Amino acid sequence: MIRLIPAAGIDIGSVSVKVALIVEGALPFIWLPIWWFLIRDHPREAKWISKEELDYLETTLAREAAQLEAPTQEPLWKSFFRPAIFVMVPIYFLQNCAAYGSNTFLSEALKGPGKNFTPLQTGLLYAVPYVVAAFCMVLNSRHSDKTQERRGHVAFVYAVSGICLILSVLASRYSFWLSFAFLCFAIMGPFAGLAPFWAVPAETLPRSSLGAVMGLVNAMGNIGGWAGNYAFGWLKQETGGTALPFSMLGACLLVAAALCFLLPRSTVRLSPARPTT
């Protein structure tokens with residue numbers, strides 16, 4: 001049997017991590033020529049779609065632009081003090097607490113007595129909740145656009161995830177697979193709520209200050225990514241387990257779901273058109 005022995009002073013794990021980082025960093029350079037030569041700013045510039053598709057897209061975009069209200073000029077500081085901002089920031093903070101906390105410590109739920117999974121099995125189990133999240137993102141966003149309703153769609157997925165996260169903790173005492181089934185639907189909330197959540201400011205705030213307002217909400221809310229991890233780690237150390245930390249993340253989502261109904265209702269009503277035949 002041939003045994004590979006690393007050269008003195010070389011850490012194979014360290015080398016593999018560096019290679020992975022280099023490969024990941026190279027991907028944008030691979031994508032760059034594809035983007036430069038194939039992606040266009042307007043449908044009229046695309047050479048790879050038919051004239052019928054071009055006419056439909058241009059007509060639809062023009063009609064939707066005409067239906068939007070003209071941008072109103074408002075001082076930036078005034079936009080920052082709109083009541084909706086003081087609701088969006090805590091919602092985004094709480095959902096990031098849950099999203100980053102669950103993402104970082106999800107593997108903890110796959111460890112423990114009787115959970116003798118191989119690294120491959122652990123990786124596959126880790127991926128399942130995110131596959132469910134991907135499907136839920138598409139379904140929730142499509143239904144939100146179809147009904148042109150935002151607040152309820154965000155609140156619903158937050159509430160389902162929060163409840164399932166807490167039920168996953170309770171079920172872990174009796175059955176790992178029942179607990180894992182709840183966990184699969186506990187991860188999706190922060191992801192499935194993203195599109196309808198960001199549609200709220202886009203459809204309710206002045207377009208002249210929309211970018212700055214969304215940047216503020218994103219910047220302040222992203223602090224939740226640090227807070228969720230810190231709180232989870234501290235509670236895990238204090239309690240010696242993950243039951244209370246995961247329950248705390250579930251509670252964050254339930255509070256965020258309740259706050260969603262304080263968001264303003266969308267005022268934009270675009271009438272979808274069908275392509276002519």
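As shown above, the structure is provided for reference.
Attention in this report is confined to the structure presented alongside it. On a predicted model such as this, the values are computed, not experimentally measured, just so you know.

1. Considering empty space enclosed by the protein
The rolling of a water-molecule-sized probe over the atoms marks out the regions of remaining empty space. This structure, assessed with the given rule, holds one cavity of 30 Å³ or more. In this structure, the largest cavity encloses a volume near 40 Å³. Lining the largest cavity are Ala98, Ala99, Ser102, Ala186, Ile187, Pro190, Phe191 and Leu253. When residues of the lining of the largest cavity are assigned to their parent elements, the largest contribution, three residues, is made by helix H4 (residues 85–105). Partitioning the lining of the largest cavity into residue classes produces seven nonpolar, one polar and no charged.

2. A closer look at the packing of helix H6 (residues 151–171) against helix H7 (residues 176–186)
Packing of H6 against H7 leaves a shortest axis separation of 8 Å and a crossing angle of 160 degrees. Classified by the angle their axes make, H6 and H7 are roughly antiparallel. With respect to the hand of their crossing, H6 and H7 are arranged in left-handed fashion. Residues Val160, Ser161, Cys164, Leu165, Leu167, Ser168 and Ala171 of H6 lie in contact with H7, whose contacting residues are Leu178, Ser179, Phe182, Leu183, Phe185 and Ala186. Of the residues in the contact of H6 with H7, the class split is 10 nonpolar, three polar and no charged.

3. A look at the pattern of salt bridges
Scanning the model with the defined rule gives three salt bridges in all. Here Asp145 ties to Arg150 by a salt bridge, and the two come within 2.8 Å at their closest N and O atoms. With a shortest N-O distance of 2.8 Å, Glu203 and Arg150 are connected by a salt bridge. With Glu203 in helix H9 (residues 194–204) and Arg150 in the loop between helix H5 (119–147) and H6, this residue pair connects regions lying 53 residues apart in the sequence. Taken individually, Glu203 and Arg150 each receive the classification buried, so the pair is uniform in this respect.

4. So, the side chain of Ser161
You can see Ser161 is positioned in helix H6. Beyond its immediate chain neighbours, meaning those up to four positions away, Ser161 contacts Phe185, Ala186, Ile187, Met188, Gly189, Pro190 and Leu253.

5. Points about helix H11 (residues 223–239)
In an α-helix there are 3.6 residues to a turn, and that puts residues three or four apart on one side. In a regular helix each residue adds 1.5 Å, so 17 residues correspond to 24 Å; H11 covers 24 Å between its end C-alpha atoms and thus fits that length. Taken together, the buried positions of H11 are Gly224, Gly225, Ala227, Gly228, Phe232 and Leu235. Down the axis, H11 shows its buried residues gathered within 165 degrees of arc, on one side only. Exposed residues lying more than 90 degrees from the buried face of H11 are Trp226, Tyr230, Gln237 and Glu238. Elements that come into contact with the buried residues of H11 comprise H4, helix H10 (210–221) and helix H12 (243–259). One or two steps after H11, the chain reaches Gly240, where phi turns positive at roughly 75 degrees.

6. Here's the deal with the packing of aromatic side chains
Remark: the centre distance and the inter-plane angle together describe each pair of aromatic rings, the angle taken between the planes. Following the criterion strictly, the structure yields 11 aromatic pairs and no others. Between the aromatic rings of Phe176 and Trp177, the centroid separation amounts to 4.9 Å while the plane-to-plane angle is 75 degrees, which identifies the pairing as edge-to-face. Relative accessible area serves as the criterion here: at 52%, Trp177 is assigned to the exposed category. For the ring pair Phe232 and Phe246, a centre distance of 4.8 Å and an interplane angle of 80 degrees mean the geometry is edge-to-face. Within this pair, whereas Phe232 is found in helix H11, its partner Phe246 is found in helix H12, the two being separated by 14 residues in sequence. Residue classification places Phe232 among the buried positions, given a relative accessible area of 0%. By way of ring pairs, the aromatic residues Tyr92, Phe197 and Trp198 are connected into one cluster.

7. Considerations on the side chain of Asn140
Within the element layout of this structure, Asn140 appears in helix H5. From its side chain, Asn140 meets the backbone oxygen of His153 in a polar contact 3.4 Å long. With near-sequence residues (within four places) excluded, Asn140 lies in contact with His153, Val157, Ala192, Gly193 and Pro196.

8. Focus on the packing of H6 against H12
Contact geometry of H6 with H12 gives a least axis separation of 8 Å together with a crossing angle of 160 degrees. Our classification of the angle between H6 and H12 gives roughly antiparallel. Once H6 is placed against H12, the crossing between them reads as left-handed. Counting all contacts with H6, which are made through Ala155, Tyr158, Ala159, Ser161, Gly162, Ile163, Leu165, Ile166 and Val169, the residues of H12 involved are Ala243, Phe246, Ser247, Leu249, Gly250, Ala251, Leu253, Leu254, Ala256 and Ala257. Residues that form the contact of H6 with H12 fall into these classes: 15 nonpolar, four polar and no charged.

Rules and cut-offs
- Residues numbered from 1 in each chain as written.
- Predicted model: local features only at pLDDT ≥ 70, side-chain atom pairs only at ≥ 80, totals over all residues.
- Heavy atoms only, no water.
- 1 Å grid on protein atoms, 1.4 Å probe; cavity = no way out; pocket = protein on both sides within 12 Å on 5 of 7 lines; lining within 4 Å.
- Points joined across faces, edges and corners; volume = space filled by probe spheres on them.
- Helix = DSSP H or I, 4+ residues; strand = E, 2+ residues; numbered from the N terminus.
- Nonpolar A, V, L, I, M, F, W, Y, C, P; charged D, E, K, R; others polar.
- Axes fitted to C-alpha atoms, helices over the stretch in contact; angles between N-to-C directions.
- Parallel < 35°, antiparallel > 145°, perpendicular 65-115°, else oblique.
- Left-handed = near helix turned anticlockwise from the far one by under 90°.
- Contact = heavy atoms within 4.5 Å.
- Salt bridge = Lys/Arg side-chain N within 4 Å of Asp/Glu carboxyl O.
- Buried < 20%, exposed > 50% of the residue type's maximum accessible area, 1.4 Å probe, protein only.
- Expected span 1.5 Å × (residues − 1).
- Arc of directions from axis to C-beta.
- Phe/Tyr/Trp six-rings, centres within 6.5 Å; stacked < 30°, edge-to-face > 60°.
- Polar contact = N/O pair within 3.5 Å; in protein donor to acceptor, adjacent residues only side chain to side chain.

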